[in-house]
Amino acid sequence: MKIIVLNGSPKGDTSVTMQYVHYVAKLNPGCEFKIYNISQQIRKIEKDQAYFDEILAQVRAADGVLWAFPLYILTVHAHYKRFIELLFERGAGEAFRDKYAATLSTSIHFFDHTAHNYMHAICDDLGMRFVDSFSPYMYDLTKLAGQEQTAGFGKRFLAAIEQQVPTQRQYAPLVRREFVYQPGLAQASVSTAGKRVVILHDGGRPGSNLATMVARCRDAFAGPVQVVDLNDVLIKASCQGCMRCGYNYHCAYEGKDGFIDFYRSTVMQADVLVYAGTLVDRQLSSRWKMVLDRAFFNTHTPVLTGKQMAFVLSGPFSQNANLREVLLGYTEFQGANVVGFASDEFGSSAEIDAVLDGLMAAVLRATLAADSHPQTFRGIGGMKVFRDDIWGPLRMVFQADHRAYRRLGFYRTFPQRDWNALLTNAIMIPLTHLAGFRKEFVRRTPQEMIRPLRKVVGKMPA
Ligand SMILES: Cc1cc2nc3c(=O)[nH]c(=O)nc-3n(C[C@H](O)[C@H](O)[C@H](O)COP(=O)(O)O)c2cc1C
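What counts, and where the lines are drawn
Residues numbered from 1 in each chain as written. Predicted model: local features only at pLDDT ≥ 70, side-chain atom pairs only at ≥ 80, totals over all residues. Heavy atoms only, no water. Helix = DSSP H or I, 4+ residues; strand = E, 2+ residues; numbered from the N terminus. Rg over C-alpha atoms; globule rule 2.2 N^0.38 Å. Buried < 20%, exposed > 50% of the residue type's maximum accessible area, 1.4 Å probe, protein only. Contact = heavy atoms within 4.5 Å. Areas by Shrake-Rupley, 256 points an atom, 1.4 Å probe, with all protein chains shown as cover. Lys, Arg positive; Asp, Glu negative; His and termini not counted. Charge placed at Lys NZ, Arg CZ, Asp CG, Glu CD. Pairing = 2+ DSSP bridges. Axes fitted to C-alpha atoms, helices over the stretch in contact; angles between N-to-C directions. Core = buried A, V, L, I, M, F, W, Y, C linked by side-chain atoms within 4.5 Å. Domains from an automatic or database assignment.

Draft legend 1. Quick peek at the overall build of the protein. Each helix and strand counted, the protein has 16 helices and 12 strands in total. For the protein, whose C-alpha radius of gyration is 25 Å, the value lies close to the compact-globule estimate of 23 Å for 462 residues. Referenced to the eigenvectors of the C-alpha coordinate spread, the extents of the protein come out at roughly 75 × 70 × 45 Å. Looking at the protein as a whole, 52% of its 462 residues qualify as buried. Taking the contacts inside the protein whose residues are at least 6 apart along the sequence as the reference set, 83% of them involve residues at least 24 apart. On the protein, roughly 22,300 Å² of surface is accessible, and the fraction owed to carbon and sulfur atoms is 56%. On the protein, the mean spot of the 53 positive side-chain charges and the mean spot of the 43 negative ones are 8 Å from each other.

See the structure below:
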């Protein structure tokens, strides 16, 4: 049996993820595992058609494809994304059709599920037979349970191929509407009120829906708006995963290209951020992903705190719940407030005009009122994942995060120092071991749960 491994790590062979692949390969010596370093070699893959064709030929000749990748900013590395784009751009999907597929990632479990959802959907779009996804923590393989799980994953994948198990598509194909957005006359009615408004977009042909939507957003404002086409930012390379930034936020490319200056002086200084992009397959473009990956020079420290954001998207956004999850997960962890989303998926041009104008007005209003939503599980759960790792195993590498987490008070609730709760627990828990007390405790719990809230509401004037 032959498995093609598509390695998504920019570090190539020096990859944590590849150790899991080697582990599975060693347990199955009868099976050939051929690895292609996709993310590391993307320039060659893009420029050298013969090399691209060689990969496709190997996929065609294989019994299965293992998509093995590290998590990069809630999904896959920009270069892996670019490879997927190339498959569709060059009509190369046929090489993957009916091949058995599985996904294997390593990560610290920060939105690993969204990366796997994306890759599973891509496998479905390529007509592959998806078997399983496997997402261990980076170092699970050092523990017996992790070794057993990894062995089990490999066994299940190879057995599925051997037995030709039936599989079923899990993600519906995307339906794109043919629609040309033709805006009416803009009113320029939203005063920027001295706030710094920045619109980032990934280009789009002149006259494309994205370009027109971006122009509409800009024209909604009376006052200066900075519009940046991300293709104009000098970015020499994608994030290499070297983690030099971990010590003091200093990127290995600092001074060698324009990205860090751009990000610090434009994105990090904005009051309002509008991110606009065209959906390419099921995510934003690989250019956008390159920007998000390179912004990792701030490592796990939120740098968009208090900013008001809006997303303007061209394409079938409502059919991509996973993309919404990625965008909200990213912004919540960054401490930004997302005011809303707009797309060209539904409605007439006049209706889209109204939605875009309304969104720009709302985002400015939110800035002036310092409005925000409470964080959800995405931001709160995500930050706890980071906090535990920065406190512990990752502190040595990400020392800048550790200093920032101390400064920002992220450790204040960790370990818990809620003396009130600790004291109440110390008294109440032994008492609840008495059956009579417990009965009364359970009876009163619903009322007690709302007591502090009723106090607040009760204090309000009628
Ligand atoms: C730029 C960058 C972004 C990352 N983003 C995530 C993430 O969103 N979620 C996560 O759990 N881990 C994230 N990680 C951690 C890596 O996924 C993890 O270290 C992985 O094991 C690296 O695998 P590799 O050595 O095969 O590249 C990120 C690491 C880097 C360098």
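Draft legend 2. Highlighting the sheet that holds strand β7 (residues 197–201). An order of β9-β7-β10-β11-β12 is seen for the 5 strands of this open sheet, with the pairing classed as parallel. Lying at the two open borders of the sheet, with one neighbouring strand each, are β9 (225–229) and β12 (337–343). Neighbour-to-neighbour, the strand axes of this sheet turn through a mean angle of 15°, independent of strand direction. Here strand β11 (residues 308–314) runs beside β12; their pairing, made up of 6 bridges, is parallel. Paired with Gln 308 across the bridge in β12 is Asn 337. Where helix α11 (residues 321–334) meets the sheet, its contacts fall on β11 and β12, and the angle it forms with β12 comes to roughly 155°. Its contacts with the sheet put helix α12 (residues 349–369) on β7, β10 (272–278), β11 and β12, and the angle it makes with β11 is roughly 165°.

Draft legend 3. Structural detail: the environment of Phe 221. Here Phe 221 shows up in strand β8 (residues 221–222). Beyond its immediate stretch of four places on either side in the chain, Phe 221 contacts Ala 188, Val 190, Thr 192, Val 197, Met 360 and Leu 364.

Draft legend 4. Region of interest: the nonpolar core. Leu 200, Phe 259, Phe 262, Tyr 263, Tyr 275 and Leu 304 are the most contacted members of the largest nonpolar core, which totals 55 residues. Of all the secondary structure elements, the ones that give two or more residues to this core are β7, α9 (259–267), β10, α10 (286–294), β11, α11 and α13 (377–391). Here this core gets 6 residues from one element, more than from any other, and that element is α11. Domain assignment of the residues forming this core places at least three in each of domain 1 (2–162) and domain 2 (190–377). Sequence-distant contacts of Phe 262, defined by excluding residues within four places in its chain, comprise Leu 200, Val 228, Leu 230, Val 233 and Val 267. Ile 4, Val 65, Ala 115 and Leu 126 belong to the second-largest nonpolar core, a separate cluster that totals 34 residues.

The values are spatial; any link to function lies outside them.
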